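# Descriptive structure summary
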Amino acid sequence: MNFTVIWLPLAQNELAQVWLDATDRNAVTAASNRIDQRLAADPVSEGESRSADERITFDPPLRVVFRVAAATRDVFVLSVGRSGRRP
């Protein structure tokens, strides 16, 4: 059973800025697509736990902070930035 992945406006803007600044925009696009697929498939097992109910995952060149709402089967992408690692 899949989850619905919802990219909040702040996260969308951050992703757009990372993409605009990237030397390899295809890598950013591919990483965001992979993250989106993994979050839709099994967000509870994805990444690492952080403060409160937030989790973080990495797929170079991206890092994504997200929150899982298991009751509604939604995943909210809260923040996006560069992972600091190269693909």
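Now for a look at the structure at hand. Once a new chain begins, its residue numbering starts again from 1 and follows that chain's sequence as written. Local features in a predicted model are, by the rule used here, given only for residues with pLDDT of at least 70; side-chain atom pairs are given and counted only at 80 or more, and totals for whole chains, interfaces and linings are based on all residues. Hydrogens are left out, water is left out, and the side-chain values use all remaining heavy atoms of the structure.

Among the nonpolar cores identified, the biggest contains 19 residues, and Val-5, Trp-7, Leu-39, Leu-62, Val-77 and Val-80 are the most heavily contacted of them. Of all the secondary structure elements, the ones that give two or more residues to this core are strand S1 (4-7), helix H1 (9-21), helix H2 (25-41), strand S4 (62-69) and strand S5 (74-82). We count a stretch as a helix when DSSP gives it H or I for four or more residues in a row; a strand needs E for two or more, and each element gets its number in order from the N terminus. The greatest single-element share of this core, amounting to five residues, is contributed by H2. Setting aside chain neighbours within four positions, we find Leu-62 in contact with Leu-15, Val-18, Val-28, Ala-31, Ser-32, Ile-35, Thr-57, Val-80, Gly-81 and Ser-83. Only buried Ala, Val, Leu, Ile, Met, Phe, Trp, Tyr and Cys residues count toward a nonpolar core, and they belong to the same one when joined by side-chain atoms within 4.5 Å. Each residue is assigned to one of three classes by its accessible area relative to the maximum for its type, calculated with a 1.4 Å probe on protein chains only: buried under 20%, partly exposed between the two thresholds, exposed over 50%. Contact between two residues is taken to exist if any of their heavy atoms lie within 4.5 Å; hydrogens are not considered.

In this fold, Thr-57 is placed in strand S3 (residues 54-59). Its relative accessible area of 3% is what places Thr-57 among the buried residues. Separated by 3.5 Å, the side chains of Thr-57 and Arg-38 make a polar contact. Polar contact is defined as a pair of N or O atoms within 3.5 Å, subject to the rule that within protein one atom must be able to donate a hydrogen and the other to accept it, and that residues adjacent in sequence are counted only when both atoms are side-chain atoms. A polar atom in the side chain of Thr-57 sits 2.4 Å from the side chain of Glu-46. Setting aside residues no more than four positions away along its own chain, Thr-57 makes contact with Ile-35, Arg-38, Glu-46, Gly-47, Leu-62, Arg-63, Val-64 and Phe-66.

Spatial ordering of the open sheet is given by S1-S5-S4-S3-S2, a layout of five strands whose pairing is mixed. Each edge of the sheet is formed by a strand with only one pairing partner; in this case those strands are S1 and strand S2 (48-49). All axes here are fitted lines through C-alpha atoms, helices being fitted over the stretch that makes contact, and every angle between N-to-C directions spans 0 to 180 degrees. Each of S1, S4 and S5 is contacted by H1, which is oriented at about 35° to S5, the strand it contacts most. Running at roughly 135° to S3, H2 makes contact with S1, S3, S4 and S5 of the sheet. Following DSSP output, two strands are said to pair if at least two bridges run between them.

Between Lys or Arg on one side and Asp or Glu on the other, a salt bridge is scored when a side-chain nitrogen of the former is within 4 Å of a carboxyl oxygen of the latter. One pass over the structure, following the stated rule, counts six salt bridges. Where Glu-46 meets Arg-38, a salt bridge forms, and the shortest distance between an N and an O atom there is 3.0 Å. Residue classification places Arg-38 among the partly exposed residues on the basis of a relative accessible area of 27%. Close ionic contact of Asp-53 with Arg-67 constitutes a salt bridge, the shortest N to O distance being 2.9 Å. With Asp-53 in the loop between S2 and S3 and Arg-67 in strand S4, this residue pair connects regions lying 14 residues apart in the sequence. Ionic contacts of the salt-bridge type, sharing partners, join the residues Arg-34, Arg-38, Glu-46 and Asp-59 into one network.

Turning our eyes to something else, we now look at the packing of H1 against H2. Put simply, H1 and H2 touch, their axes get as near as 8 Å, and they point 150° apart. In terms of orientation, H1 and H2 fall into the roughly antiparallel class. H2 is crossed by H1, and the crossing has right-handed handedness. Residue-level contacts link Leu-15, Val-18, Trp-19 and Leu-20 of H1 to Arg-25, Val-28, Thr-29 and Ser-32 of H2. Each residue gets one label: Ala, Val, Leu, Ile, Met, Phe, Trp, Tyr, Cys and Pro are nonpolar, Asp, Glu, Lys and Arg are charged, and the others, such as Gly, are polar. Split by residue class, the contact of H1 with H2 holds five nonpolar, two polar and one charged. Under this scheme an angle from 65 to 115 degrees is roughly perpendicular, one under 35 degrees roughly parallel, and one over 145 degrees roughly antiparallel; angles in between are oblique. Each crossing gets its handedness from the near helix: less than a right angle anticlockwise from the far helix is left-handed, clockwise is right-handed.

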